[in-house]
Amino acid sequence: MLFASSLMMLLAACQPDTFRGTELPEGLTAADFTLTDHRNGSFTLSEQRGNIVLLFFGFTYCPDVCPMALSNWKKIHDGLGADTARVKFVYITVDPERDTPEKLAEHLSIFSSDFIGLTAPLDSLQNVYADYGVLREKVPVAESAAGYLVTHTARINIIDQAGQWRLTYQYDTPAEDIIHDIRLLLESQEGS
Amino acid sequence: MRPGKAIQLMVNSTLLLFASVGFHCSKSGTSAGDISVRHVWTRPVHAYIDSTGKALSNGALYLTIQNTGSTADTLEGVSAAVCQVSEIHQSKMVQGRMTMNMLPSGLPIPAYGEIKFEPGSYHVMLIGIKRDLNAGDTFEAQLHFRRAGTLSVQSQIGTP
């Protein structure tokens, strides 16, 4: 009995560790883009090669789900320790009308000074939304002081060090699962 | 004084009277009649004021409301001095997209029932936050119930 359970544990330990997020088909190069960052600088995705990029589409006017995703990112950021230097946290607005670089800077600073906010005219952003499967719709709410809200896909995406779009998660996936997958990607790079 | 202002003052005074006479506050929660409220919290928010003086930051108030009575009640509205407007909203995932709807008629609290306002679900949207909401601080909000009246609650600022 003891032998059988020891054998089971040994076999489990020999199994290769697998990703906890949803894996995308192999060889899917992340579409490149250049947008304006929260410091009014230019940000180009392809210039981030060598780092892992976490990508989320949200808006600062959102009081609930988007801050929840950013809170989750903060846990990931802090949980990675020194490895966080090898990860870029990139937040692209779905509300360019209200999300100026200054507004993005103010909002993201609550969570981490390392988070990068991106915006651009809506025409440019529409291409990025399409490339990453983001469905976004401005919804007028006449009875609300908000004026309008934005319905949008709320997923966290991971682009690996080689610029491949590898993994996707629900916005509320536990931080530990995403940290686990980031570490796997970092280890695979060290091993190659 | 404008008549509207005078009426508003009278309403505020009445609410204050109710708050001081009819309601019980405790460390673990706040209650009025059959309604009790606990676990009231908000994430930290930086108040962003634009060059025209307009407050552009929002937040969400989360809480749990319990109705121990045999009659349903309704949370009709919320007010808080820290923001310009408070509205009851619901986030919902619909066909892979996150949607947010306003509940202009309020939210029923069923008899012997409990409603949780939590991330990704019901929340009170705090629109136009006027000052920084810093972790560890608190602020006051008033919950307006159809039957139970108005309850004052203290929201903790932080993450759960």
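In case you missed it, the structure is sitting above this.
Please read all numbers here as calculations on a predicted model, not as lab measurements. (Residues numbered from 1 in each chain as written. Chains lettered and ligands numbered in written order. Predicted model: local features only at pLDDT ≥ 70, side-chain atom pairs only at ≥ 80, totals over all residues. Heavy atoms only, no water.)

**Student:** Which parts of the structure should I look at to understand the pattern of salt bridges?
**Tutor:** It is possible for side chains of opposite charge to pair when their charged atoms get near one another. All names here are of chain B. In total, this model carries 10 salt bridges over all chains according to the counting rule given. Of the charged contacts in the structure, one is a salt bridge between R146 and E76, with a shortest N-O distance of 2.7 Å. Of this pair, R146 sits in the loop between β11 (138-145) and β12 (149-157) while E76 is found in strand β5 (residues 73-80), placing the two residues 70 residues apart along the sequence. Judged by relative accessible area, which is 52%, R146 ranks as exposed. (Salt bridge = Lys/Arg side-chain N within 4 Å of Asp/Glu carboxyl O. Helix = DSSP H or I, 4+ residues; strand = E, 2+ residues; numbered from the N terminus. Buried < 20%, exposed > 50% of the residue type's maximum accessible area, 1.4 Å probe, protein only.)

**Student:** Would you mind showing me how to read the layout of surface pockets here?
**Tutor:** Rolled over the atoms, a probe sized like a water molecule indicates the empty space that remains. By volume, the largest pocket is sized at about 420 Å³. In terms of lining, the largest pocket is formed by 19 residues, of which the most central are S71, N72 and K75 of chain A together with R43 and T159 of chain B. Among the elements of the structure, α2 (65-79) and α5 (175-191) of chain A are those that each provide at least two residues to the lining of the largest pocket. Examining the composition of the lining of the largest pocket, we find that five residues originate from one element, α2 of chain A, more than from any other. Within the lining of the largest pocket, the residues separate by chemical class into 10 nonpolar, four polar and five charged. (1 Å grid on protein atoms, 1.4 Å probe; cavity = no way out; pocket = protein on both sides within 12 Å on 5 of 7 lines; lining within 4 Å. Points joined across faces, edges and corners; volume = space filled by probe spheres on them. Nonpolar A, V, L, I, M, F, W, Y, C, P; charged D, E, K, R; others polar.)

**Student:** Explanation requested: the sheet that holds strand β6 (residues 116-119) of chain A in the structure shown.
**Tutor:** Picture the strands of a sheet paired through backbone hydrogen bonds; they go either parallel or antiparallel. Residue and element names in this part refer to chain A. The sheet built from eight strands is open, its strands ordered β1-β10-β9-β4-β5-β6-β2-β3 with mixed pairing. Two strands lie at the open edges of the sheet, namely β1 (22-23) and β3 (42-44), each paired on one side alone. The sheet contact formed by strand β4 (residues 52-58) and strand β9 (residues 155-159) spans four bridges and is antiparallel. The partner of L55 across the bridge, within β9, is N157. Contacting β2 (34-37), β5 (87-93) and β6, helix α3 (residues 101-109) runs over the sheet at an angle of about 155° to β6. (Pairing = 2+ DSSP bridges. Contact = heavy atoms within 4.5 Å. Axes fitted to C-alpha atoms, helices over the stretch in contact; angles between N-to-C directions.)

**Student:** Can you help me understand the pairing of strand β4 (residues 58-67) of chain B in this one?
**Tutor:** In summary, the side chains of a regular strand alternate between the two faces of the sheet. Residue and element names in this part refer to chain B. Along β4, nine of the 10 residues are buried, which leaves the element largely enclosed by surrounding structure. Pairing between strand β3 (residues 35-42) and β4: six bridges, direction antiparallel. By the bridge assignment, T42 is partnered in β4 with L61. Judged from the four bridges that link them, β4 and strand β10 (residues 122-129) form a sheet pairing that is antiparallel. Looking across to β10, one finds that G59 is bridged to L126. One ladder, built from four bridges, connects β4 with strand β9 (residues 114-117); its direction is antiparallel. From the neighbouring strand, I65 faces β9, where its bridge partner is I115.

These results come straight from atomic positions and should not be treated as a statement about function.
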